[in-house]
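Letter by letter, the chains look like this.
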Number of protein chains: 2
Amino acid sequence: MERAAELTDPVDRFEQARAAVYQNIFTRRDVRSQFLPDQVSDVVLSRVLMAAHHAPSVGFMQPWNFLVIRSKAVRQRVHAAFLLARAEEATKFDNEKEEQYRRLKLEGILEAPINICVTCDHGRAGPAVLGRTHNPATDIYSTVCAVQNLWLAARAEGLGVGWVSIFRTAALQNILGIPTNISPIAYLCVGYVSHFLDKPELELAGWRSRTPLEKLVFFDQWGQDHCEWSDGVVQRIRHIQERERQGAIAE
Amino acid sequence: MERAAELTDPVDRFEQARAAVYQNIFTRRDVRSQFLPDQVSDVVLSRVLMAAHHAPSVGFMQPWNFLVIRSKAVRQRVHAAFLLARAEEATKFDNEKEEQYRRLKLEGILEAPINICVTCDHGRAGPAVLGRTHNPATDIYSTVCAVQNLWLAARAEGLGVGWVSIFRTAALQNILGIPTNISPIAYLCVGYVSHFLDKPELELAGWRSRTPLEKLVFFDQWGQDHCEWSDGVVQRIRHIQERERQGAIAE
């Protein structure tokens, strides 16, 4: 923080920090193919875990655990579980899409030097948790917030993260020794990368394209894509997207 | 981004950006009590929504919608639904804890000028979604990643965000016109604030305390809090926490 403090103009500092946060968010990628074998230091790993631990949680429940995996043998078992699940998932797609699926690189379990399984303990704070009564899944939401914090902190460290969800949950629990009452929420591959792609890998591969944001925003009521104060918001969204197409990252 | 580019030393730029990201993550708060009535401009609102839209999503599904609510009448109905749910939840706690619960300020639905309901459309990308076969809830995880992006972008804009989860889901769907096959995941109060608290409000109120991170980290196997390479990580985590107790934000 010392360097940032050298800049004396608080408006400059605020704007630089804001730009850094947007740059971080817009350049974060789900990495599968670009991992390097370089080791991640304890200092960097600890910072990234601490960022995750500072996520919001329902009723300050902090329902997460972080299982950090460096063992090659463990990662090999996890990789085998992925291969089985991938073979199962491939059959869900038809013809061309199935062929495209089989060509995609979907994880870096063995290439990334660190894997992190982020779990959710549904009983962490006892039976009554403030804010969780009407929707028990909010503990899982909190855990996902921790995952996203971890991901963004990692990006700021120059680390790539890839979230692998192609597993049978029971297989993952079995390999990692996770009790059945603890949910593995995210299995993350973490490591330095040769480069970060300009766009999401599935977008570049032509799997799916990004939806224009203005089609996803409603005003005051579901399905209402227009109201007396909405024009300025929609115009501004289109402006940002136009700049993005021209290569700008954030306003 | 122009200002950041003026700094010619890439190491300086990297370190400043990294510090800004950590500062952002560590100073984000779940705001209930400090909202100001100041309007949020279309420019700022659009940037924050765009950050949410750049969250990761399973199979690039982008299952989210953003329902932006400025209408006072709608917010009043939502607030009434909150009051009913709060009365229900209060009874889950015993004696002293129930009294403490009733004294807590838990939302800023009417004080914040903008509310945003972030929803998940489970059918967004058709029946087969890459990475979702073995865990259909991954679309909800993606939506939560969008919420966390929105929250952090808002913090970088100087905006507070409060996530209200004390609702009956059906009541919220009814008030906002959300179809039953669309899940409201987060109901967010968004606005400028008088100040950001140093720590989470529930921690300051003595509701729950922060768990030391090293108690939540395992190595190579669930429950294994020690292995041949874990000492450095645990020491480093304790070091960061000690600095945090002394008032430092990030390394």
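These numbers come from a predicted model, not from an experiment.

Scoring rules and cut-offs
Residues numbered from 1 in each chain as written. Chains lettered and ligands numbered in written order. Predicted model: local features only at pLDDT ≥ 70, side-chain atom pairs only at ≥ 80, totals over all residues. Buried ≥ 20, exposed ≤ 12 C-beta atoms within 10 Å, placed from the backbone. Helix = DSSP H or I, 4+ residues; strand = E, 2+ residues; numbered from the N terminus. Arc of directions from axis to C-beta. Contact = placed C-beta atoms within 7 Å. Pairing = 2+ DSSP bridges. Axes fitted to C-alpha atoms, helices over the stretch in contact; angles between N-to-C directions. Nonpolar A, V, L, I, M, F, W, Y, C, P; charged D, E, K, R; others polar. Domains from an automatic or database assignment. Least-squares fit on C-alpha atoms with pLDDT ≥ 70 in both. Parallel < 35°, antiparallel > 145°, perpendicular 65-115°, else oblique. Left-handed = near helix turned anticlockwise from the far one by under 90°.

(A) Here's a closer look at helix α7 (residues 169-176) of chain A. Residues and elements named next belong to chain A. Taken together, the buried positions of α7 are occupied by Leu172, Gln173, Ile175 and Leu176. End-on view of α7: buried residues confined to an arc of 165°, all on one side of the axis. Where α7 is buried, its residues contact β1 (64-69), α4 (72-90), β2 (114-121) and β4 (182-192). With its phi angle positive at about 75°, Gly177 sits one or two positions after the end of α7.

(B) A look at the sheet that holds strand β5 (residues 217-219) of chain B. A sheet is described by the order of its strands in space; here five strands give the open sequence β3(A)-β4(A)-β2(A)-β1(A)-β5(B), paired in mixed fashion. Edge positions in the sheet fall to β3 (159-164) of chain A together with β5 of chain B, since each has one partner strand and no second. Within the sheet, the average angular offset between the axes of one strand and its neighbour, ignoring direction, is 25°. As paired strands, β1 of chain A and β5 of chain B are joined by three bridges and run parallel to one another. The residue of β5 of chain B that forms the bridge with Leu67 of chain A is Phe218 of chain B.

(C) Geometry of unusual backbone geometry. Residue and element names in this part refer to chain B. Within the chain, Gln62 stands out as a residue other than glycine whose phi angle is a positive 45°. Relative to the elements of secondary structure, Gln62 occurs in the loop between α3 (42-53) and β1 (64-69). Positioned with a positive phi, Asn95 is a non-glycine residue whose angle comes to about 45°. Of note, Asn95 is situated in helix α5 (residues 95-103). Look at Asn95 and you get exposed, because 7 C-beta atoms sit within 10 Å.

(D) Structural context of the environment of Ser71 of chain B. Residues and elements named next belong to chain B. With respect to the helices and strands, the residue Ser71 is situated in the loop between β1 and α4 (72-90). The class for Ser71 is partly exposed, based on 16 C-beta atoms found within 10 Å. Residues Ser71 and Phe167, spaced 96 residues apart in sequence, show a C-alpha to C-alpha distance of 19 Å.

(E) Local environment of the interface of chain B and chain A. Contact with chain B, which involves 98 residues of that partner, is made by 98 residues of chain A. Looking at the side of chain B that touches chain A, the element that brings in the most residues is helix α2 (residues 10-27) of chain B, giving 13 residues. Of the residues belonging to the side of chain B that touches chain A, the class tally is 56 nonpolar, 24 polar and 18 charged.

(F) Structural context of the domain arrangement of chain A. Taken domain by domain, chain A holds domain 1 (28-205) and domain 2 (211-251). Here domain 1 of chain A and domain 2 of chain A have C-alpha centroids that lie 30 Å from each other.

(G) Representation of the sheet that holds strand β4 (residues 182-192) of chain B in the model. Sheet architecture is open: five strands sit in the order β5(A)-β1(B)-β2(B)-β4(B)-β3(B), paired in mixed fashion. The open sheet has two edge strands, β5 (217-219) of chain A together with β3 (159-164) of chain B, and neither has a second partner. Here the average twist between neighbouring strands, direction ignored, is 25°. Inspection of the sheet shows strand β2 (residues 114-121) of chain B paired to β4 of chain B by eight bridges, in the antiparallel sense. Bridge assignment links Ile116 of chain B to a residue of β4 of chain B, and that residue is Leu188 of chain B. Along the sheet, helix α7 (residues 169-176) of chain B makes contact with β1, β2 and β4 of chain B, crossing β4 of chain B at roughly 75°.

(H) Spotlight on the relation of the copies chain B and chain A. Note on the copies: chain B fits chain A at an RMSD of 0.0 Å, the axial shift is 0.0 Å, and the rotation between them is 180°. Between the two chains, the operation in question is that of a two-fold axis. The rotation axis passes nearest to the C-alpha of Val21 of chain B in chain B, at a distance of 2.8 Å. A share of 100% of interface residues in chain B that are also interface residues in chain A marks the association as one of identical surfaces.

(I) Just the environment of Gln76 of chain A, in detail. Tracing the chain through its elements places Gln76 of chain A in helix α4. With 136 residues separating them along the chain, Gln76 of chain A and Pro212 of chain A place their C-alpha atoms 39 Å apart.

(J) View of the pairing of β3 of chain A. Residues and elements named next belong to chain A. Counting buried positions along β3 yields six of six residues, so the element is predominantly enclosed. Every second residue of β3 is oriented toward a common face, with Leu159, Val161 and Trp163 on one face and Gly160, Gly162 and Val164 on the other, all of them buried. Examined bridge by bridge, β3 and β4 share six bridges and lie antiparallel to one another. Along β4, the bridge assignment pairs Val161 with Val190.

(K) Expanded view of the packing of helix α6 (residues 138-156) of chain A against helix α6 (residues 138-156) of chain B. In the contact formed by α6 of chain A and α6 of chain B, the axes pass within 8 Å of each other and the chain directions differ by 60°. Taken together, the axes of α6 of chain A and α6 of chain B are oblique relative to one another. Crossing geometry of α6 of chain A relative to α6 of chain B is assigned as right-handed. Mapping the contact onto sequence places Tyr141, Val144, Cys145, Gln148, Asn149 and Leu152 of chain A in α6 of chain A and Tyr141, Val144, Cys145, Gln148, Asn149 and Leu152 of chain B in α6 of chain B. Split by residue class, the contact of α6 of chain A with α6 of chain B holds eight nonpolar, four polar and no charged.

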